Amino acid sequence: MKPVRLIVLGAGARGMDAYAPYALYAPDQLQIAAVAEPRELRRAAFAARYGLPEQAVFTDWRDALTAGIGADAVLVATQDNEHVDPACLAMEQGYDVLLEKPIAKTEAELKRIYDTSVRTGRRAAVCHVLRYTRFFNMLKSIIDSGEIGEVVNISHSENIGYWHMAHSFVRGNWRREDETSPMILAKSCHDADILLYLVGKDCKRVASFGSLKHFTAKNAPEGSAERCLDCRVSDTCPYSAMRLYMIPFLTSWPVSVITDDLSTEGRLKALREGPYGRCVYHCDNDVVDHQSTVLEFEGGVTATMTVSAFTDYRHGRTIHIMGSHGEIRAKMSDETIEITNFRDGSVRTSEFPPPGGMGDGHGGGDIGLIASFVQMERGAQGAVKSSIRDAIQSHLICFAAEESRRDHTVVEIHNVN
Ligand SMILES: NC(=O)c1ccc[n+]([C@@H]2O[C@H](COP(=O)([O-])OP(=O)(O)OC[C@H]3O[C@@H](n4cnc5c(N)ncnc54)[C@H](O)[C@@H]3O)[C@@H](O)[C@H]2O)c1
C-alpha cells in the first residue's frame, strides 16, 4: 500500500514538530506532499527536512489547496483564527482533514465544518491528542472495567504552570481573545473533551467562574519596567523573561518561539524588541489567568474542571475520579495512577509500558494521533477517536462556560448535530 500523502498548512511549532516527523519515522506510511508557510526560514527548513520540490512549497494555505497537489489529506496547523476556512476548503477540494484545536470559535462555525464534512463525504479528525495518550487510555480502561463502580464525580485540573502562562497567555500568541480565543477554548477544549471521553455521557449544563486576576498593571512591583531587560526587580520575579529565555543550553520550546536566531545576541534582540521581552504586568493580554467550571452530565454525573496559571508546569494535568465502589487519583506528568477499591479496601498503582518510537509529545498523544489518522486513511475502521462529531460537544461546553462566566448564569448545552 502506498504511503498516505499529507499537505501541511502552517509549519509552526505544531506543523513542524508534532505530527509531520511521523513521515521520517515511518516513510512507508506517511509522506509529506506539500507545505504552506509564510515565514521564509520556517518554510525553507520544512521543505529541506521533507525533501519537497519547489512546486510543492507555498506561502499561503489557499494556494497549496488549489494547486492540484496529489494528496490524500491536509493538516491544518495554522493559528486559531485560521482553522475553519482552510478546513472547509480542503474538504471541498476532496481532501480529508486533520484539524488543530480549537476547531472553531462559534456554534455557526462548528456547524459549517460539520456540514461540509457530511456534504463532501470527507473525513475530518481533530487534534485532541489527550485521547491518544497512554495515561488517559489507562484511566478509560480502568473505568470501563468497572473496578471503581459507576463514575459519580470527577475533579480535574489543568495546571498550566506559572512560566507557561507568562509565555503563551500573557506575552504570547494566546494572550488576547480577539486574536485567538478565550482561555477556556484555547487551553481547556482538551480538558472538556477528555472528560466527555472518560464519562462517556453527554454534558447537559455548565457554570463557570474566573477572571484575569494577577497579570495586570496594578500588580506591577515597584522597580519594574516595561521590559524585563530594564527591570530592577527581575532577579526576584518568577516571570522574568531572562529566567525563561536566556538559559544557554535551552534551545527548544519555548525559546524557539521567540526568535529563529538562538545565539545570545539573537535572544537579547528578541527580548529588547519583541513581545516576549515585555513585563508580564505591562502586556496587552486580556485572557483569564484562572477559571473553574462545573459540569453536569446525563444521569447526574458531575465534574469540576479548573485551569490555573498559579501552578507548577511539571504537575501537568491531575485528576481525581470518584466512583460508587472506588476512586482513582492520578497525575499525567509522571503517569502515576492510584486506585482504591472500596469493596476490599485495597490500594494499587497502575503500571505503564515504557514510551517508545518517534517521541513522547503530550504523553504519547501526538504520535498516537498521527499514527491513528494514517491508519484511518489506509482503511482501518475506528482508528480515529477524535472525529469532528466527537469534538463538537467539547467546544460547546467551552462556549457555554464562557457565556456562564460573563453572564453569571447556568448554561444548558444543546448539540448542533
Ligand atoms: N493539539 C494540541 O495539543 C496543540 C498544542 C499547541 C497548539 N495547538 C494549536 O495548534 C495551532 C498551531 O499552533 P502553533 O503553536 O504551531 O502556532 P505557530 O504560530 O507556531 O504556527 C502557526 C503557523 O501558521 C503559519 N501561517 C500563518 N498564516 C498562514 C497562511 N496564510 N498559510 C499557511 N500558514 C500560515 C504561521 O506563520 C505559523 O508558522 C494553534 O491553533 C494552536 O492552538 C494545539
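Residues numbered from 1 in each chain as written. Predicted model: local features only at pLDDT ≥ 70, side-chain atom pairs only at ≥ 80, totals over all residues.

This brings us to the sheet that holds strand S1 (residues 4-9). Sheet architecture is open: six strands sit in the order S3-S2-S1-S4-S5-S6, paired in parallel fashion. Strands at the two margins of the open sheet, each flanked by one partner only, are strand S3 (57-58) and strand S6 (124-126). In terms of strand pairing, S1 meets strand S4 (residues 73-76) through four bridges, oriented parallel. Residue pairing in the sheet places Leu-9 in a bridge with Val-76 of S4. (Pairing = 2+ DSSP bridges. Helix = DSSP H or I, 4+ residues; strand = E, 2+ residues; numbered from the N terminus.)

What follows is about the pairing of strand S2 (residues 30-36). Working note: regular strand, side chains alternate between the two faces of the sheet. Among the seven residues of S2, six are classified as buried, and the element is accordingly described as predominantly covered. Judged from the six bridges that link them, S1 and S2 form a sheet pairing that is parallel. Each residue of the ladder has a partner; that of Leu-6, found in S2, is Ile-32. Pairing geometry for S2 and S3, over two bridges, is parallel. Counterpart to Val-35 in the pairing with S3 is Val-57. In this region the chain leaves S2, passes through helix H3 (residues 40-49) and returns to the parallel neighbour S3; the handedness of that crossover is right-handed. (Buried ≥ 20, exposed ≤ 12 C-beta atoms within 10 Å, placed from the backbone. Right-handed = clockwise from strand over helix to strand, strands pointing away.)

Here we come to the domain arrangement of the chain. Domain parsing of the chain yields domain 1 (4-126), domain 2 (130-215 + 286-412) and domain 3 (217-277). Distance from the C-alpha centre of domain 2 to the C-alpha centre of domain 3: 30 Å. In this assembly, seven residues from domain 2 lie in contact with eight residues from domain 3. A breakdown of the residues in the side of domain 2 that touches domain 3 according to their chemical character gives three nonpolar, three polar and one charged. (Domains from an automatic or database assignment. Contact = placed C-beta atoms within 7 Å. Nonpolar A, V, L, I, M, F, W, Y, C, P; charged D, E, K, R; others polar.)

Before going further, it helps to examine the site of the ligand. Around the ligand sit 25 residues, and of these Gly-10, Gly-12, Ala-13, Arg-14 and Glu-100 come closest. For the shell around the ligand, the element with the highest residue contribution is helix H1 (residues 13-17), accounting for three residues. Partitioning the shell around the ligand into residue classes produces ten nonpolar, seven polar and eight charged. Structurally, the shell around the ligand is a two-domain feature, drawing no fewer than three residues from each of domain 1 (4-126) and domain 2 (130-215 + 286-412). (Near = placed C-beta within 6 Å.)

As a further point, take the sheet that holds strand S14 (residues 347-349). Reading across from one edge, S14-S13-S12-S11-S7-S10-S9-S8-S15 is the order of the nine strands in this open sheet, with mixed pairing throughout. If you trace the sheet from one side to the other, it starts and ends with S14 and strand S15 (411-412), each paired once. Bridge count for strand S9 (residues 290-297) against strand S10 (residues 302-308) is seven bridges, and the pairing is antiparallel. Looking across to S10, one finds that Ser-292 is bridged to Thr-306.

This brings us to helix H7 (residues 134-145). The first and last C-alpha atoms of H7 sit 16 Å apart over twelve residues, in line with the 16 Å expected at 1.5 Å per residue. The complete set of buried residues in H7 reads Phe-135, Phe-136, Leu-139, Ile-142 and Ile-143. In an axial view of H7, the angular spread of the buried residues amounts to 120 degrees, which keeps them on one side of the axis. Those residues of H7 that are exposed and angled more than 90 degrees off the buried face are Ser-141, Asp-144 and Ser-145. Along its buried surface, H7 packs onto strand S7 (151-159), helix H10 (189-199), strand S11 (317-323), strand S12 (326-331) and strand S13 (336-341). One or two positions beyond H7, positive phi appears at Gly-146, with a value near 85 degrees. (Expected span 1.5 Å × (residues − 1). Arc of directions from axis to C-beta.)

Where H7 contacts H10, the axes come no closer than 9 Å and their chain directions differ by 30 degrees. Relative to H10, H7 is oriented roughly parallel. For the pair H7 and H10, contact is made by Phe-136, Leu-139, Lys-140 and Ile-143 and by Ile-194, Tyr-197 and Leu-198, respectively. (Axes fitted to C-alpha atoms, helices over the stretch in contact; angles between N-to-C directions. Parallel < 35°, antiparallel > 145°, perpendicular 65-115°, else oblique.)

Moving on, we get to the environment of Gln-93. Relative to the assigned elements, Gln-93 resides in the loop between helix H5 (84-92) and strand S5 (96-99). Residue Gln-93 is classed as partly exposed on the basis of its C-beta count, with 18 C-beta atoms lying within 10 Å. In this structure, the C-alpha to C-alpha distance between Gln-93 and Arg-122, residues 29 residues apart in sequence, is 9.6 Å. For Gln-93, the contacting residues outside a window of four places in its chain are Leu-65 and Thr-66.

Residue position: Val-301 is located in the loop between S9 and S10. Sequence separation between Val-301 and Glu-150 is 151 residues; the distance between their C-alpha atoms is 9.3 Å. Not counting the four nearest positions on each side in its chain, Val-301 is found in contact with Val-151, Val-152, Asn-153, Val-199 and Lys-201.

What follows is about helix H15 (residues 388-407). Between the first and last C-alpha of H15 there are 28 Å, a value that for 20 residues agrees with the 28 Å anticipated at 1.5 Å per step. Of all 20 residues making up H15, 14 are buried, and the element is well covered by its neighbours. Where H15 terminates, the next one or two residues include His-408, which has phi positive at roughly 60 degrees.

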